[in-house]
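Each chain is listed here by its residues.
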Amino acid sequence: MKTLRLFWLLPVVACLSSCLSLNSDEQQAEAAEKAVLAKHDELMAQMDQLTTLRQQLQKTPGPDTVAAGRHRRALLAADAAMMDWMHRYQKPADTVAVAQRLAYFAAQQQRMDSVAGLFRTSLDSARLVLGK
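Quick notes on the rules
- Residues numbered from 1 in each chain as written.
- Predicted model: local features only at pLDDT ≥ 70, side-chain atom pairs only at ≥ 80, totals over all residues.
- Heavy atoms only, no water.
- Phe/Tyr/Trp six-rings, centres within 6.5 Å; stacked < 30°, edge-to-face > 60°.
- Helix = DSSP H or I, 4+ residues; strand = E, 2+ residues; numbered from the N terminus.
- Buried < 20%, exposed > 50% of the residue type's maximum accessible area, 1.4 Å probe, protein only.
- Salt bridge = Lys/Arg side-chain N within 4 Å of Asp/Glu carboxyl O.

- The name given to the chain in an unreviewed UniProt entry is Lipoprotein, with the source organism recorded as Hymenobacter canadensis.

As structure tokens, then:
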């Protein structure tokens, strides 16, 4: 009789363990999405600096207006990269397989890292030109 009870308990335990691993995969996908969006939010907080520096470069008189123009265009490129990412980003539906969602969020994280690099270099170089 005890063996029969254990026999019926095995599928329940197997189902429970698979549900727990699914939950873990779901949590990984949610964490990956949150990481991408956190990077986005971090960069969006720097958009005011980008705009301010671009305006200052435009107003800056001086002998090296070619360099100022080059740095202003770099700031515009960083801004455009962010806007492009925001227009192209589409959260995958919850019905999409977790592995595919994780791959999508990994690719988006790489794109955000690239945009962050553009932000960093353009902001730093513009500050150097302006002497800040």
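### Here we look at the packing of aromatic side chains
So, point 1. As enumerated under the stated definition, the model contains 3 aromatic pairs in all.
So, point 2. When the centroid spacing of 6.0 Å and the interplanar angle of 40 degrees are considered together, the rings of Y89 and Y104 count as tilted. Of this pair, Y89 sits in the loop between α3 (65-88) and α4 (98-130) while Y104 sits in helix α4; the two residues are 15 residues apart in sequence, bridging distant segments of the chain.
So, point 3. Judged by relative accessible area, which is 16%, Y89 ranks as buried.
So, point 4. Measuring from ring centre to ring centre gives 5.8 Å for Y104 and F105, while their planes differ by 65 degrees; the resulting arrangement is edge-to-face.
So, point 5. For F105, a relative accessible area of 3% gives the class buried.
So, point 6. Clustering of aromatic rings is evident, with ring pairs tying together W85, Y89, Y104 and F105.

### Remarks on the pattern of salt bridges
So, point 1. Scanning all chains against the criterion turns up 6 salt bridges.
So, point 2. E26 is the partner of R101 in a salt bridge, and the nearest nitrogen-oxygen pair spans 2.8 Å. Remark: E26 occurs in helix α1 (residues 2-44) and R101 occurs in helix α4; sequence separation between them is 75 residues.
So, point 3. Accessibility expressed as a relative area gives 24% for E26, which makes it partly exposed.
So, point 4. For the salt bridge of D94 with R101, the shortest nitrogen-to-oxygen distance reads 4.0 Å.
So, point 5. By relative accessible area, which is 57% here, D94 ends up exposed.

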